[in-house]
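An overview of the molecular structure
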Amino acid sequence: MRLSIIVPTFNEASNVEELVSRVAATLRHGTADAVDAELIFVDDSTDDTPERIHSAAASTTFPVRLIHREHAEGGLGGAVLAGMHAAESDLCLVMDGDLQHPPEDIPRLLARFDEGGADVVVASRYVADGSSSGLADRTRVWVSRLSTALTKAMFPLRLRNVSDPMTGFFLVDRQAVDIQGLHPRGFKILLEILARTSLRIAEVPFTFAERFAGTSKASVKQGIHFFVQLAALRFGKMSRFAVIGAGGAVVNLAIVWALLQFQVHYLVAAVVAAEVTIIGNFLLQERYVFNDMAPAAQGVWTRFAKSFTFNNAEAVIRIPILALLVDGWHLSAVIATAITLALAFVARFMFHSLVVYAP
Ligand code: GDD
Ligand code: MN
């Protein structure tokens with residue numbers, strides 16, 4: 001078999017018949033040059049979607065399979081993974097069940113894969129000629145844009161060649177992916193695949209259509225899942241970054257204490273300790289946090305200059321922000337300090353992965 005098409009469904013009763021017939025037509029099923037393919041629905045529905053899939057399957061000779069799950073482990077992402085496990089072909093195409101991903105685009109994804117050089121072909125809304133016009137409203141458009149930008153900032157290397165890491169429409173060679181290593185939560189299965197594995201990525205534009213029938217399952221809960229997923233995927237880097245930052249703070253204090261023993265003025269001691277810590281942290285980050293990204297970034301002196309400038313600016317800016325929180329917002333000094341340190345941590349991490357180690 002040449003292609004397994006995996007469609008996760010949750011209460012898509014009025015869409016599945018249309019989907020089956022359009023997929024079969026697009027792949028020229030029943031003709032001499034048909035693409036040898038199967039369609040696998042991985043369904044977590046509570047409505048009559050399974051029955052509708054059965055009747056759609058009965059009315060065509062196109063191979064349609066149904067995996068109905070009683071417990072929707074991992075939601076949409078878990079469903080896609082279950083489909084990839086069950087697929088007969090290594091070449092897996094994933095698409096939504098509501099026809100927002102037009103089946104008529106499948107041949108273009110296949111053709112791009114056949115050109116070679118790619119483990120995954122991403123159907124993108126954000127590449128020239130692509131469009132996200134099917135996104136329901138302005139808010140969805142902005143949520144999609146912002147979360148895409150944030151995600152790309154968090155994975156500048158892995159996602160360098162992909163404009164739409166949040167799409168749910170893609171073709172992937174199962175053999176290139178470590179399926180066991182994936183831990184999908186919620187909607188963003190492609191992000192999980194791309195962030196965990198270094199794959200050769202190709203993109204083709206497509207127009208995100210309107211939903212054929214029914215309602216979207218996107219929700220605030222899915223949004224929270226997404227942030228948890230981002231943090232989990234980035235956990236290794238961020239925690240090493242945090243450990244170095246905390247170690248640096250301890251060293252900073254020790255240097256101040258030591259200089260005070262030699263009667264050095266406390267302000268001079270503070271500045272010397274801060275600069276030594278900034279330089280030490282930079283060297284440790286080079287070695288233990290961003291070692292994978294450094295080779296593709298600018299030269300080490302440029303990286304150092306950016307990191308050094310940012311950390312000094314941040315140390316200076318932190319003081320007026322602290323004053324604002326304590327004097328303006330009447331927060332306790334301890335809480336205000338904790339807030340500024342937490343903000344500084346996030347800002348520092350983002351700046352380093354976005355700017356200092358940008359490819
Ligand atoms: N099996 C299963 N289990 N399927 C699910 C579940 C679940 O828990 N939740 C949603 N689905 C199915 C839906 O039935 C649909 O076929 C597909 O996943 C996408 O869900 P929609 O409700 O249509 O969400 P959307 O249109 O907001 O999201 C789509 O667009 C995003 C980009 O804006 C999806 O394609 C996302 O994957 C994509 O990232
Ligand atoms: Mn949809």
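Cut-offs used in this document
- Residue numbers restart at each chain and count upward from 1, following the sequence in its written direction.
- All chains are assigned letters beginning at A, and all ligands numbers beginning at 1, according to the order in which they are written.
- Only residues with pLDDT of 70 or above have their local features reported here, since the model is predicted, and side-chain atom pairs are shown and tallied only from 80 upward, although totals for entire chains, interfaces and linings are computed over all residues.
- UniProt positions are given in the numbering used here, feature names are shortened, and annotations may be inferred rather than shown by experiment.
- Angular values range over 0 to 180 degrees, each being the angle between N-to-C directions of two axes fitted as lines to C-alpha atoms, with helices fitted over their stretch in contact.
- For helices the rule is a DSSP run of H or I covering at least 4 residues; for strands it is a run of E covering at least 2, with both sets numbered from the N terminus onward.
- Here the angle decides the label: under 35 degrees means roughly parallel, over 145 means roughly antiparallel, 65 to 115 means roughly perpendicular, and every other value means oblique.
- Left-handed describes a crossing whose near helix is turned anticlockwise from the far helix through less than a right angle; right-handed describes the clockwise counterpart.
- Two residues qualify as being in contact provided that their C-beta atoms, derived from the backbone, are within 7 Å of each other.
- In this count, Pro and Cys sit with the nonpolar residues alongside Ala, Val, Leu, Ile, Met, Phe, Trp and Tyr, while Asp, Glu, Lys and Arg are called charged and the others, Gly among them, polar.
- A set of buried residues qualifies as a nonpolar core if it consists of Ala, Val, Leu, Ile, Met, Phe, Trp, Tyr and Cys joined through C-beta atoms within 7 Å.
- Three exposure classes are used, all based on how many other C-beta atoms lie within 10 Å of a residue's own C-beta (placed from the backbone): buried at 20 or more, exposed at 12 or fewer, and partly exposed between those limits.
- Strand pairing requires that DSSP identify at least two bridges connecting the strands.
- The handedness of a crossover follows from its direction of travel: if, with the strands pointing away from the viewer, the path from the first strand over the helix to the second runs clockwise, the crossover is right-handed.
- We call a residue near a molecule or strand when its C-beta atom, built from the backbone, sits within 6 Å of it.

An unreviewed UniProt entry annotates the chain as Glycosyltransferase of Microbacterium kribbense. For the chain, the Subcellular location (unreviewed entry) comment in UniProt is given as "Membrane". Of the comments in the UniProt record for the chain, the one headed Sequence similarities (unreviewed entry) reads "Belongs to the glycosyltransferase 2 family."

A few words now on the packing of helix α9 (residues 300–328) against helix α10 (residues 333–356). Closest axis-to-axis distance for the α9/α10 pair is 10 Å, and the angle between their directions is 155°. It follows from the interaxial angle that α9 and α10 lie roughly antiparallel. Between α9 and α10 lies a crossing of right-handed hand. Only A333, A336, T337, I339, T340, A344, A347, R348, F351, H352, V355 and V356 of α10 make contact with α9, whose side of the interface consists of R303, K306, S307, F310, E314, R318, I321, L322, L325 and V326. Looking at the contact of α9 with α10 residue by residue, the classes come out as 13 nonpolar, four polar and five charged.

In this structure, I5, I6, V80, L93, V121 and F170 are the most contacted members of the largest nonpolar core, which totals 62 residues. When near neighbours in sequence (up to four residues on either side) are disregarded, F170 contacts V94, V120, V121, V122, A123 and L190. Counting six residues, the second largest nonpolar core, distinct from the first, contains F290, M293, V356 and Y357.

Further remarks concern the pairing of strand β1 (residues 3–9). Side-chain direction in a regular strand flips from residue to residue, so the side chains alternate between the two faces of the sheet. Most of β1 sits inside the fold, with seven of its seven residues counted as buried. Sheet topology note: the β1/strand β2 (residues 37–43) ladder contains seven bridges and is parallel. Following the sheet pairing, V7 is matched in β2 by F41. Crossover β1 to β2 through helix α1 (residues 16–26) is right-handed. Summarising the sheet, β1 and strand β4 (residues 91–94) pair through three bridges and their orientation is parallel. Across the sheet, the residue bridging to I6 is V94, located in β4.

Our next topic: the environment of S132. By the secondary structure assignment, S132 is in the loop between β5 (120–124) and α5 (138–154). Accessibility expressed as a C-beta count within 10 Å gives 18 for S132, which makes it partly exposed. Separated by 17 residues in sequence, S132 and A149 have C-alpha atoms that sit 15 Å apart. Contact partners of S132, with chain neighbours within four places excluded, come to R125, V141, S144 and F208.

Turning next to the site of ligand 1. Taken together, the neighbourhood of ligand 1 is formed by 23 residues, with A79, G97, G168, K217 and A218 sitting nearest. If one sorts the elements of the shell around ligand 1 by residue count, helix α3 (residues 75–86) sits on top with three residues. Of the residues belonging to the shell around ligand 1, the class tally is nine nonpolar, eight polar and six charged.

What follows deals with the UniProt feature "domain: GtrA/DPMS transmembrane" (unreviewed entry) in the chain. In the numbering adopted here, UniProt assigns the feature "domain: GtrA/DPMS transmembrane" (unreviewed entry) to residues 240–356. Secondary structure content for residues 240–356 is 84% helix and 0% strand, and the end C-alpha separation is 17 Å.

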